[in-house]
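Now for the letters of each chain:
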Amino acid sequence: MTKRNAKDVRKGIGLGATSAIAWGVDTVIIGVIIASSPFKEATLLAPIIAAFMHDFFSSIWISLLMIIRGQFINVLKLLKTKSGAILMLGALSGGPLAMSFYFLGIQYAGVTYAASIASIFPGIGAVLAFFFLKEKMNKRTWSGVVLSIIGVIILAYVPTKMDAASNFFIGILFSLGAAIFWGLEGVISAWGMRGKDVEPLYAINIRQITSAFSYGIVIVPFLHGYPLVFEATTTSIVWVIAIAGFLGTANYSLYYSSINLIGAARGQSLNNTYVFWAIVTEILFIGTPINLQFIIGAIIVLFGSILVSGNIKK
């Protein structure tokens, strides 16, 4: 690896780690949104509508940035290319498909089980990147991926009572589906960004627009969710959603830039440490108590991230 490449890798690792902080804070804010009126009165519908509004505002933020930079026309041109089509495919995988499977997993298996199972997506992404993108990973990096996933599962896991075994296993299958589609997103996006004149911010703009449109045109109408959308826009919670959308834009911009510099496997593993930052945010601002489970999980996650970062000089 050349000196310039080593600098790029350091930058990619820093961007991936920072993206996890943004997504961790965003996750906590989304939880606050769903627990607020009018979402708390619509238990099953609320998460999907909140996800739609989150990606809708995120698409506005990133589009405004591209317009200010005079690059939105480049995004529109990219949509007509093979790389643009690949990026839209990745957006569909990571947006509506993964999120729908994830929320179905929550419905049938509970939040903690769904979150724990879905958190294995970096491992799936690493395997897919190894086979399809030919990303080279040594034993140290593989060990870091595995440790990061184990640490995240420890952080997220809280035993819950199962109402029905059949529903529980259906929920586990849905959660696995979410992990697969999130793993696919990272690999497909890395593939799309290999195209000529493709920048990570262009990819993010396409990702968020595709996700928002697919929610808005297909999923929300199918679920008859627009009355809840319109109700939310008339309350002060809409400004909180706009802030969450901004954080989502920051997360994905950093995340895709990281993937572009250090590959899908490393980028996903670093981004997956968002669970740690979400819990830290809850401890600092909501007053969630620290327990031994958090300490053990956090140490494993951080150690795994160090291993994933690898020896930059090699």
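Here the structure is a predicted model, which means the values were calculated and not measured.

Reading the values: rules and limits
Residues numbered from 1 in each chain as written. Predicted model: local features only at pLDDT ≥ 70, side-chain atom pairs only at ≥ 80, totals over all residues. Heavy atoms only, no water. Core = buried A, V, L, I, M, F, W, Y, C linked by side-chain atoms within 4.5 Å. Buried < 20%, exposed > 50% of the residue type's maximum accessible area, 1.4 Å probe, protein only. Contact = heavy atoms within 4.5 Å. Phe/Tyr/Trp six-rings, centres within 6.5 Å; stacked < 30°, edge-to-face > 60°. Helix = DSSP H or I, 4+ residues; strand = E, 2+ residues; numbered from the N terminus. Expected span 1.5 Å × (residues − 1). Axes fitted to C-alpha atoms, helices over the stretch in contact; angles between N-to-C directions. Parallel < 35°, antiparallel > 145°, perpendicular 65-115°, else oblique. Left-handed = near helix turned anticlockwise from the far one by under 90°. Nonpolar A, V, L, I, M, F, W, Y, C, P; charged D, E, K, R; others polar.

**Describing the nonpolar core**
Part 1 of the argument: With 55 residues, the main nonpolar core has Phe 39, Met 53 and Trp 182 as its most contacted residues.
Part 2 of the argument: With near-sequence residues (within four places) excluded, Trp 182 lies in contact with Gly 94, Ala 98, Met 99, Tyr 102, Ala 118, Phe 121 and Gln 268.
Part 3 of the argument: Grouped together as the second largest cluster of nonpolar side chains are twelve residues, Val 152, Tyr 274, Ala 298 and Val 301 included.

**Points about the packing of aromatic side chains**
Part 1 of the argument: Across all of its chains, the model carries twelve aromatic pairs by this definition.
Part 2 of the argument: With 5.8 Å between their ring centres and 50° between their planes, Phe 101 and Phe 174 make a pair best called tilted. Here the residue Phe 101 occupies a position in helix H4 (residues 82-109), and Phe 174 occupies one in helix H8 (residues 165-192), the gap between them amounting to 73 residues.
Part 3 of the argument: Taking relative accessible area as the criterion, Phe 101 reaches 26% and is therefore assigned partly exposed.
Part 4 of the argument: Each residue in the set Phe 52, Phe 56, Phe 57, Tyr 215, Tyr 226 and Phe 230 is aromatic and connected to the rest through ring pairs, giving one cluster.

**Some remarks on helix H13 (residues 274-285)**
Part 1 of the argument: For H13, built from twelve residues, the straight-helix expectation of 16 Å at 1.5 Å per residue is met to within 8% by its first-to-last C-alpha distance of 16 Å.
Part 2 of the argument: Those residues of H13 that sit buried are Tyr 274, Val 275, Phe 276, Ala 278, Ile 279, Val 280, Thr 281 and Ile 283.
Part 3 of the argument: After H13 finishes, the residue Gly 287 shows a positive phi value of roughly 90°.

**Some thoughts on the packing of helix H3 (residues 72-79) against helix H9 (residues 200-222)**
Part 1 of the argument: Two elements in contact, H3 and H9, have axes separated by 10 Å at closest approach and are oriented at 70°. It follows from the interaxial angle that H3 and H9 lie roughly perpendicular. Read as a crossing pair, H3 and H9 show a hand that is right-handed. Residues Phe 72, Asn 74, Val 75, Leu 78 and Leu 79 of H3 form the contact with H9, whose own contacting residues are Tyr 202, Asn 205, Ile 206 and Ile 209.
Part 2 of the argument: Each residue belonging to the contact of H3 with H9 can be placed in one class, and the counts come to seven nonpolar, two polar and no charged.

**A word on the packing of helix H2 (residues 46-68) against helix H10 (residues 226-233)**
For any two helices packed against each other, the geometry is given by the interaxial angle and the distance between the axes.
Part 1 of the argument: Running from N to C, H2 and H10 cross one another at 60°; their axes reach a closest spacing of 10 Å. In this view, H2 runs oblique relative to H10, as classed from their interaxial angle. Along this stretch, H2 crosses H10, giving a crossing that reads as right-handed. Of H10, the residues touching H2 (which contributes Ala 46, Ile 49, Phe 52 and Met 53) are Tyr 226, Leu 228, Val 229, Ala 232 and Thr 233.
Part 2 of the argument: Partitioned by chemical class, the residues of the contact of H2 with H10 number eight nonpolar, one polar and no charged.

In short, geometric facts, not functional conclusions.
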